[in-house]
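Examination of the molecular architecture
This is what each chain is made of:
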Amino acid sequence: MQIDFKSPQRQSILGIVIMFADTLQGVIRAMWAPLLIVLIKLEPEKYIIVGLSFIGIVIFVAIIAFLRYRNFTFFLDEDNQEFILSKGILNKSRINIQLSKIQQVNINQSIIQKIVGVYSLDIDTAGTDKKEISIRAIDQDLALILKERLLDFDNKEEVLLDENQEIISKENNTAKPFIKISYATLFKVGITSKYGRTIAILITFIITLYQTFKDAVDTFELDESQVDSVFEQGLGMASVMVLIFGLLVIVLLINIIRTFIKHFDFEIIKQKNSLVVTSGLLAKKNTLLNPFKVQITSFSQNFFQRKLKILDMNMKQASNSEVEDKQKKSNVIEVPGCDAEERNEILKIILGKIPEKGQEFSPNFRYLIFRILFAILVPATIVVLQIIFALENIIFYFPFILAYFVIASFLIYFGYKNYRLYSNSEFIVLKHGAWDVENEIIQPHKIQGITTKQYFWHKSSDVGHLTLHTAAGDVHFHFGNFTEIKQLVNYWLYQVETSTENWM
Amino acid sequence: MENFTNEIVNLNSLPKFEEVNFSPLHKNYLKVVYINIAITLLIVAIAIGVLLYFNEHLQFTSYYLVFGISYLVFAVIVFFSSIASVKKRGFAIREKDILYKRGLISTTTTMIPFNRVQHVAMHEGVFSRIFNLAQIQIFTAGGSTSDVKISGIEKEKAENIKELLMQKIQNHV
């Protein structure tokens, strides 16, 4: 068989079957609700009409499948080192992919494809829709050859590294860990971090519990007023306090347990140019961290952590689409509870040096308006209205209302005070957060694109928003001085466009 | 090493993205937008018609008036906002990057340096094809938020832009 991808070619002829299955699946997914209703409410005298229309749909789908098959072509342009894919019946698309940009080529087989005996070939470039570049039906031999051709381009070694990102390494035992987190530190991390997330999980848990309880009451037809009154009697002021205290203890306990499970025996070992991170109680996880792949480096610290002299570090790596969909977190490597010195060591390895904070940029006071309006003014109005119309006995809730306003004001104020952007020729640092104060560090040459945004009512006050797109996510700076932002953008563009460094 | 220079960059002498002249979309693209608006409005009209026809509780003159007036207001808003937003869109190709500006309430400008483009796609919609227009989509590693989609470019011009981008990508390998 002469294999030549130079001229446009179609998929395997069996592709029609796959296209048919795909299209049918799409139709059913879009219309399952009405279809179900039709089937359930079906009267015997309408069997023929429904049957005929069903056949009609199948024929229609078949025609579409055929057209999709016919219009789907791909070929390899060897002169330009491009892979070109055309598709679409009414809306036509042509996608060009530079061979050097291809990161992975995956050959898969679904159940239907297995039955028919074809494979699908998906091409992965950094950060794109996976569905965009996929050949749905191709013979195995052809797929393997095409894969080889697509990857037959220099410097593919990096890709190999990527695939081995999570390895179990045995030889490392000899190397001395350069960072090791002790149990005492893990305990400190447990009691000081991630309150928000644990509380959110707890609230969902309690709501589900309450719902189940209510369902039980409904099914057993208990007298609801009885149950409700039990609740109300129990909800005295003192018991509320006990409840809150209990919740706090539970939150802390959950935090400590989770920290121990996740970060047990946390170690970082230096290995040539990269770091090997090992941790975990139940399942030991080994991760290879290549400094070049880190796009955003960040460290954060809250008030308690500052007192205990510990901080959390995060290294966000370039994520491809697959990871982005399922679990974005998995491409983040976390170092819990390191001290300032260890942080500096890690920063030196990843960024080459300890970043200095450059020129400072602060947000406009307009940053506050929106937040004050929604977190303070609107609730305050509701409270005042309640008092005026005396709809409920508000006095009972007064301590909570007061606590809410105090906390909200603090969060807004510190959120504003900590919101800063720093820039010098080597690093961009975004500092933000009211409680957990996070510093996100980006090197300008890791920027993929920049977006600026300005609402028309901000034009006269020269206020605007900035978004830096990196391969590990976006970083925003809102309500900055727009003249300054524009100047920075021009500078960063200059830096990216003259940079010869690889972003990964 | 002789050619190595490392002078201080004068921030004010850098090319300014905000002073670039953006080229508007092709004027025929408005016609495509008209067709799209017409189809949307037709579907909404049919939906309202079906609702009124089958729901006997709504078959009073007052309801007809309410639905009619809301529909008209909706149609006018959709029509003018769509046209205004098309007129606000523009793109510019510089030596080393591509800029795309859009937005009615806010002006959003996205800038993608050529050496960060991953790949390029060209889409032709049914109606766009009638007017010989195409859409260019530029993918970066920054994910969907930084991808740029520019509709309403003459097909030939779109081909040229794509060709140019592919060339630039190649040169940066």
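Residues numbered from 1 in each chain as written. Chains lettered and ligands numbered in written order. Predicted model: local features only at pLDDT ≥ 70, side-chain atom pairs only at ≥ 80, totals over all residues.

Right, let's talk about the overall build of chain B for a bit. Counting secondary structure elements, chain B contains 4 helices and 7 strands. Helices (α) and strands (β) of chain B occur, in sequence order from the N terminus, as β-α-α-β-β-β-β-α-β-β-α. Compactness check: chain B gives a C-alpha radius of gyration of 23 Å against a globular reference of 16 Å for 173 residues, more than 25% above the reference. Dimensions of chain B along its principal axes, counting C-alpha atoms only, are 90 × 35 × 30 Å. Counting over 173 residues, chain B shows a buried share of 27%. The contacts in chain B between residues at least 6 apart in sequence include a share of 52% that link residues at least 24 apart. (Helix = DSSP H or I, 4+ residues; strand = E, 2+ residues; numbered from the N terminus. Rg over C-alpha atoms; globule rule 2.2 N^0.38 Å. Buried ≥ 20, exposed ≤ 12 C-beta atoms within 10 Å, placed from the backbone. Contact = placed C-beta atoms within 7 Å.)

As a further point, take the overall build of chain A. Secondary structure assignment for chain A yields 15 helices and 20 strands. Classification of the 504 residues of chain A by burial places 26% in the buried group. Of the contacts formed within chain A by residues at least 6 apart in sequence, a portion of 61% connects residues at least 24 apart.

Listed as buried for helix α6 (residues 183-192) of chain A are L186, K188, V189, G190 and T192 of chain A. Remark: K194 of chain A follows α6 of chain A within two positions and exhibits a positive phi of approximately 60°.

Segments scoring low in pLDDT should not have their predicted coordinates read at a detailed level. All names here are of chain A. Confidence in the prediction for chain A averages 81 pLDDT; 86% of positions are at 70 or higher. With pLDDT under 50 throughout, residues 154-173 is counted as low confidence; its partners more than four residues away or in other chains account for 16 contacts. Low confidence marks residues 321-329, where pLDDT is under 50. Its contacts with residues over four positions away, or in another chain, come to 11 contacts. (pLDDT = per-residue confidence, 0-100.)

Overall, antiparallel pairing links the 7 strands, which are arranged β20(A)-β19(A)-β18(A)-β4(B)-β3(B)-β2(B)-β1(B) in an open sheet. Lying at the two open borders of the sheet, with one neighbouring strand each, are β20 (473-481) of chain A together with β1 (23-24) of chain B. With 7 bridges connecting them, strand β19 (residues 463-470) of chain A and β20 of chain A associate as antiparallel partners. In the strand pairing of β20 of chain A, V463 of chain A is matched with N481 of chain A. (Pairing = 2+ DSSP bridges.)

So, on to the environment of T185 of chain A. Residue and element names in this part refer to chain A. For T185, the position within the fold is in helix α6. Between the C-alpha atoms of T185 and F20, which are 165 residues apart in sequence, the distance is 58 Å. With residues up to four places along the chain from it excluded, the contact list for T185 reads I310 and G337.

All right, on to unusual backbone geometry then. Although it is not a glycine, K309 of chain A adopts a positive phi angle of roughly 60°. Residue position: K309 of chain A is located in the loop between α10 (303-308) and β12 (311-317). At N132 of chain B, a residue that is not glycine, the phi angle is positive and equals roughly 60°. Assignment of secondary structure puts N132 of chain B in the loop between α3 (126-130) and β6 (133-140).

Let's shift gears to the pairing of strand β1 (residues 73-77) of chain A. All names here are of chain A. For β1 and strand β2 (residues 82-87), the ladder comprises 5 bridges, and the chain directions are antiparallel. Residue F74 lies in a different strand from β2, and its bridge partner there is L85. Hairpin connection of β1 to β2: 4 residues between the antiparallel strands, including Q81 at a positive phi of 55°.

Let us now look at the sheet that holds strand β7 (residues 179-180) of chain A. Residue and element names in this part refer to chain A. Strand order in the open sheet made by the 4 strands is β7-β8-β9-β10, with antiparallel pairing throughout. Looking at which strands have only one partner, the edges of the open sheet turn out to be β7 and β10 (285-289). Of the pairings in the sheet, the one linking strand β8 (residues 267-271) to strand β9 (residues 274-279) comprises 5 bridges and is antiparallel in character. Paired with I269 across the strands is V276, a residue of β9.

Residue and element names in this part refer to chain B. When its domains are assigned, chain B resolves into domain 1 (29-85) and domain 2 (90-171). The gap between the C-alpha centroids of domain 1 and domain 2 is 32 Å. Counting residues at the interface gives 7 residues for domain 1, matched by 7 residues for domain 2. Sorting the residues of the side of domain 1 that touches domain 2 by element identifies α1 (29-54) and α2 (61-88) as the ones contributing at least two each. (Domains from an automatic or database assignment.)

All names here are of chain A. As paired strands, β2 and strand β3 (residues 92-98) are joined by 6 bridges and run antiparallel to one another. Bridge pairing in β3 links F83 to I97. Hairpin connection of β2 to β3: 4 residues between the antiparallel strands, including G88 at a positive phi of 110°.

Across the boundary between the two partners, chain A contributes 42 residues, which contact 40 residues of chain B. Looking at the side of chain A that touches chain B, the elements with two or more residues in it are β3, β18 (447-455), β19 and α15 (482-498) of chain A. For the side of chain A that touches chain B, the element with the highest residue contribution is α15 of chain A, accounting for 9 residues. In terms of strand pairing, β18 of chain A meets strand β4 (residues 106-113) of chain B through 6 bridges, oriented antiparallel. Across the sheet, Y455 of chain A pairs through a bridge with S106 of chain B, a residue of β4 of chain B.

Membership of the largest hydrophobic core comes to 79 residues, with the highest contact counts inside it found for I136, I138 and L165 of chain B. Take this core: its biggest share by element is 7 residues, from α15 of chain A. Formed by 19 residues, the second largest nonpolar core is a distinct cluster that contains L186, I268, F299 and I350 of chain A. (Core = buried A, V, L, I, M, F, W, Y, C linked by C-beta atoms within 7 Å.)

Here we come to the packing of helix α13 (residues 366-389) of chain A against helix α14 (residues 398-418) of chain A. Residue and element names in this part refer to chain A. The contact between α13 and α14 brings their axes to 10 Å, and the two run at 175°. Viewed along their axes, α13 and α14 adopt a mutual orientation that is roughly antiparallel. Of α14, the residues touching α13 (which contributes Y367, L368, R371, I372, A375, I376 and V383) are I401, F405, A408, S409, I412 and Y416. Broken down by class, the residue content of the contact of α13 with α14 amounts to 11 nonpolar, 1 polar and 1 charged. (Axes fitted to C-alpha atoms, helices over the stretch in contact; angles between N-to-C directions. Parallel < 35°, antiparallel > 145°, perpendicular 65-115°, else oblique. Nonpolar A, V, L, I, M, F, W, Y, C, P; charged D, E, K, R; others polar.)

Residue and element names in this part refer to chain A. By secondary structure assignment, the location of L202 is in helix α7 (residues 195-219). Between the C-alpha atom of L202 and that of L247, which follows or precedes it by 45 residues, the distance is 8.7 Å. Here L202 is in contact with L247, I250 and V251, once residues within four sequence places are set aside.

Time to look at the packing of helix α1 (residues 15-40) of chain A against helix α2 (residues 47-71) of chain A. All names here are of chain A. Two elements in contact, α1 and α2, have axes separated by 8 Å at closest approach and are oriented at 145°. Read as a crossing pair, α1 and α2 show a hand that is right-handed. Of α2, the residues touching α1 (which contributes G15, I16, M19, F20, T23, L24, V27 and V38) are V50, I57, V61, A62, I64, A65, F66, R68 and Y69. Tallied by class, residues from the contact of α1 with α2 come to 14 nonpolar, 2 polar and 1 charged. (Left-handed = near helix turned anticlockwise from the far one by under 90°.)

This next bit is on the environment of N344 of chain A. Checked against the element boundaries, N344 of chain A lands in helix α12 (residues 340-351). Linking N344 of chain A and P355 of chain A, residues 11 residues apart in sequence, is a C-alpha distance of 9.0 Å.

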